[in-house]
Structures are given as C-alpha cells and as structure tokens.
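Tertiary structure, described
One-letter residues, chain by chain:
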Amino acid sequence: MNIYQKTVTSPENFEVILKIGVTTDELDAVAHSACISFGAYPSPLNYSGFPKSICTSVNNIACHGIPDSRKLKNGDIISVDVSVFYKGFHGDCAATYLVGNVDDKAKRLVEVAALCLQKAIDICRHEQPFCAIGKIISNIAQSHGFSVIPAFCGHGIGSIFHGPPSILHFDNNEKGQMLKGMIFTIEPVICEGNPDILILEDGWTATTEDYSRSAQFEHTILITQNGAEILTVSDVFKTQE
C-alpha cells in the first residue's frame, strides 16, 4: 500500500475523530492543538483574513472551505488542507478522506486525485519542464472521466507561504523548468463535472459551479538531481533519488 492509498483508507492524522457526526470545527481544533503542541503555527490562520487553522472542503467545495459547525454525514468526502510554519519555514499538504459508506464514483474520484499527485511527483526532476506536471495530471484525470479545476495552482514555498513558481495542473505550454534545490507544492483539484468554480460571499470558499464533487491531494516537494523528495511525509514514504 503506497502513501496515497494509505491516506485515503486509513488517515493517520484524523483517523480517531474523522467520522459521521463530527464537525469541521472539531477537525480544526484538533489540527490547531497538534500544531501548537509541536511549536509550530498554522499558516492559514489570519492569512489574508482566513479565520481558521486548516481548510476543510466537503463534497462540492473544491478548495478553501472554512471549518464551521457543519457535521460530517455518511457518504461525504472531505479534503483537509494543513499548512504549518515551523522554525522559519512553511510546509503545505492535503488529502481527501471518505466518511462512512461512500459510493463507488466518489471513491474512484478520490483514488484518481491521489494518482494524479503521485504520478506528477514521479516525473519531477532537475531540468524537467514545469508544464510536464499539468500534462500528466490532465491526461490521467481525463482518461478516467474527470476534470482538472484550473483555478488552483501549486506554488513555491519556504520562508514565505506562497511564492513563485506557479505550478499549473492543467495541460499547458508555459515556459520554465525545475532546478535542483527548488521547493514547491503540487496540489491538483479533480472534479466529477464541469471545472468552473464560484467563490462564495466569505471570499474564500470555492464551490464547483455545477455542484459536482471534487477531491484534492497535495505535497510539498524538493527537486533533486534525479527526482523529487516529498517533504510532507515521514522518511519511510519519501521518493527515492
């Protein structure tokens, strides 16, 4: 079982509380407490006015969902995006989880979203064009009947939370290449239907325009000479150079 399958079926960070009836506020409280206990700070908290420590995006919410009193229901899928600032540096990761008995199409959506991230990381290396990431993600998503939401991109990360380069997840021909020592995120959002999104009145929550479900996975990676090192999992799951 690889890390992506493990994340979907047996999430380590939320396995105790991520269940039917739990609120996304409760998830936020657990993540915040864990972050502070390690001497870190939750990067999203008060970032450009974002009011919580993590993002929780349920079903048709594509990205940047704000934790609240909503209770998770049987059959939900939920993306949890966790970012922390620790010893002068940010790290950013996300995974989508299954709540209770989830239908087969949603399970497949989550599996494909995880696969998109895995295969994108697999092709990263020194002097690889950035556009290769979008091409492989787009090909995988479309071959399984899903769409890539183009509104959200990966980003450079380090002492600042968001910086260059922008990592596009859709098919593109943008110039630029990865270089050894670069650190950035890959975080595709994959959906069942139309890839267009709407931003709600809170200025953050992004929903698919057709209310189709979406899933997201993310890692922060370091480019090496012959591959990429995943910085947001323990050493046992890191890719080999």
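Labelled according to an unreviewed UniProt entry, the protein chain appears under the name Methionine aminopeptidase, originating from Nephila pilipes. Recorded under Function (unreviewed entry), the UniProt text for the protein chain is reproduced unchanged: "Cotranslationally removes the N-terminal methionine from nascent proteins. The N-terminal methionine is often cleaved when the second residue in the primary sequence is small and uncharged (Met-Ala-, Cys, Gly, Pro, Ser, Thr, or Val)."

Let's shift gears to the packing of helix α3 (residues 104–122) against helix α4 (residues 131–143). Relative to each other, α3 and α4 sit at 150°, their axes nearing to 9 Å. On the basis of the axis angle, α3 is roughly antiparallel to α4. Crossing of α3 against α4: the hand is right-handed. Side by side, α3 and α4 meet where Val112, Leu115, Cys116, Lys119 and Ala120 of the first sit next to Ile133, Ile136, Ile137, Ile140 and Ala141 of the second. Here the contact of α3 with α4 is composed, by residue class, of nine nonpolar, no polar and one charged.

Cross-referencing UniProt, the feature "binding site: a divalent metal cation 2" (unreviewed entry) maps to Asp92, His155, Glu187 and Glu218 in the present numbering. Across 127 residues, the annotated set stays spatially compact, with a maximum C-alpha separation of 11.0 Å. Topologically, Glu187 is positioned in the loop between β9 (183–186) and β10 (189–191). A residue is classified by how much of its surface remains accessible, and Glu187, at 7% relative accessible area, is buried.

Conventions we followed
- Residues numbered from 1 in each chain as written.
- Predicted model: local features only at pLDDT ≥ 70, side-chain atom pairs only at ≥ 80, totals over all residues.
- Heavy atoms only, no water.
- UniProt positions renumbered as here; feature names shortened; annotations may be inferred.
- Axes fitted to C-alpha atoms, helices over the stretch in contact; angles between N-to-C directions.
- Helix = DSSP H or I, 4+ residues; strand = E, 2+ residues; numbered from the N terminus.
- Parallel < 35°, antiparallel > 145°, perpendicular 65-115°, else oblique.
- Left-handed = near helix turned anticlockwise from the far one by under 90°.
- Contact = heavy atoms within 4.5 Å.
- Nonpolar A, V, L, I, M, F, W, Y, C, P; charged D, E, K, R; others polar.
- Buried < 20%, exposed > 50% of the residue type's maximum accessible area, 1.4 Å probe, protein only.

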